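# Structural features, examined
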Amino acid sequence: MDALGLNLHGLDHRKLLNLSILVMAVWTLAFFISSLVVADTANEGFNVVLTGLLYAGFVIASYQIINKRATPLSVGFLVGLSFVLVFISLQTAVFWGQLAQCDETDENITGYSCDDKAAMRSVSAFASLQFLTLGAFTAMLILHRDDVLGDFHDISGPSSIPGGPDPYDAGAPPPGADGAAYNPGASADL
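Residues numbered from 1 in each chain as written. Predicted model: local features only at pLDDT ≥ 70, side-chain atom pairs only at ≥ 80, totals over all residues. Heavy atoms only, no water.

## Re the overall build of the chain
- Looking only at helices and strands, one finds 5 helices and 0 strands in the chain.
- Listing each helix as α and each strand as β along the chain from the N terminus yields α-α-α-α-α.
- Counting across all 190 residues of the chain, residues that qualify as buried make up 28%.
- Once local pairs closer than 6 in sequence are excluded, the contacts in the chain between residues at least 24 apart make up 73%. (Helix = DSSP H or I, 4+ residues; strand = E, 2+ residues; numbered from the N terminus. Buried < 20%, exposed > 50% of the residue type's maximum accessible area, 1.4 Å probe, protein only. Contact = heavy atoms within 4.5 Å.)

Put into C-alpha cells, the structure is as follows:
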C-alpha cells in the first residue's frame, strides 16, 4: 500500500473506520441500484430492496456513532449490528449468485422469474463486496473500540452529581437535609 502513496499505518483508527464506512456507502449505492432492477423477481424482490435499505441505514448509523455519538452502549450495538449484517451479506451473495444461474423459460410458471441474470449477478457481487468490507469494519471496530470511545466518561459513577460530595472522600459528611449527619434509626415524618 505504501507504493500507492497510502500509509495506512499512519492513519488513526477512527479515520480507517471512516474510510471503510465510505467504501460501504459506495457498495450500498451500487447494491441498492441493482436491487431496484431485480425488485420484480418473484418471491425475493422485496427482500433484496429491504436489504439495500438496511445497508443504507447501517452506513448512516455507523457514521453517526463513530463520529458523534460514541458511547459504550452505541458502540456495542454497532458491533452486534455489524455482525448480523456480515451474515446477511454472505447469505445475500450466495443466494443471488445461485439465483443468477436460473433457466429462462417462455412458460408462465407461478412464483418463478428469471428476467435479468446480469442484475442478479451484480447483486451477488456487491453483496460479496459488502461482506468483505463489513468483515473488516467489524474486526477494526472490535479491536479499536477504545480508540472510538476516546475520552468517554461514564456518567453513572459516583461523581455524576454536579456539586455533590465525593463519596470516596473520607472526610466529607454524609448527605443530610441541612448538612446534619445521617441517622439510620430516624424515620421520616409523613
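## Remarks on the packing of helix α2 (residues 45-67) against helix α4 (residues 117-143)
- The interhelical angle for the contact between α2 and α4, taken along N-to-C directions, is 25 degrees, at an axis separation of 13 Å. It follows that α2 is roughly parallel to α4 by the angle criterion. Crossing geometry of α2 relative to α4 is assigned as left-handed. Of the residues in α4, those in contact with Val48, Tyr55, Phe58, Ser62 and Ile66 of α2 are Val123, Ala127, Gln130, Leu134, Phe137 and Leu141.
- Considering only residue class, the contact of α2 with α4 consists of 9 nonpolar, 2 polar and no charged. (Axes fitted to C-alpha atoms, helices over the stretch in contact; angles between N-to-C directions. Parallel < 35°, antiparallel > 145°, perpendicular 65-115°, else oblique. Left-handed = near helix turned anticlockwise from the far one by under 90°. Nonpolar A, V, L, I, M, F, W, Y, C, P; charged D, E, K, R; others polar.)

## Section: the side chain of Gln130
- Looking at the element boundaries, Gln130 is found in helix α4.
- For Gln130, the contacting residues outside a window of four places in its chain are Met24, Trp27, Thr28, Tyr55 and Ser89.

These results come straight from atomic positions and should not be treated as a statement about function.
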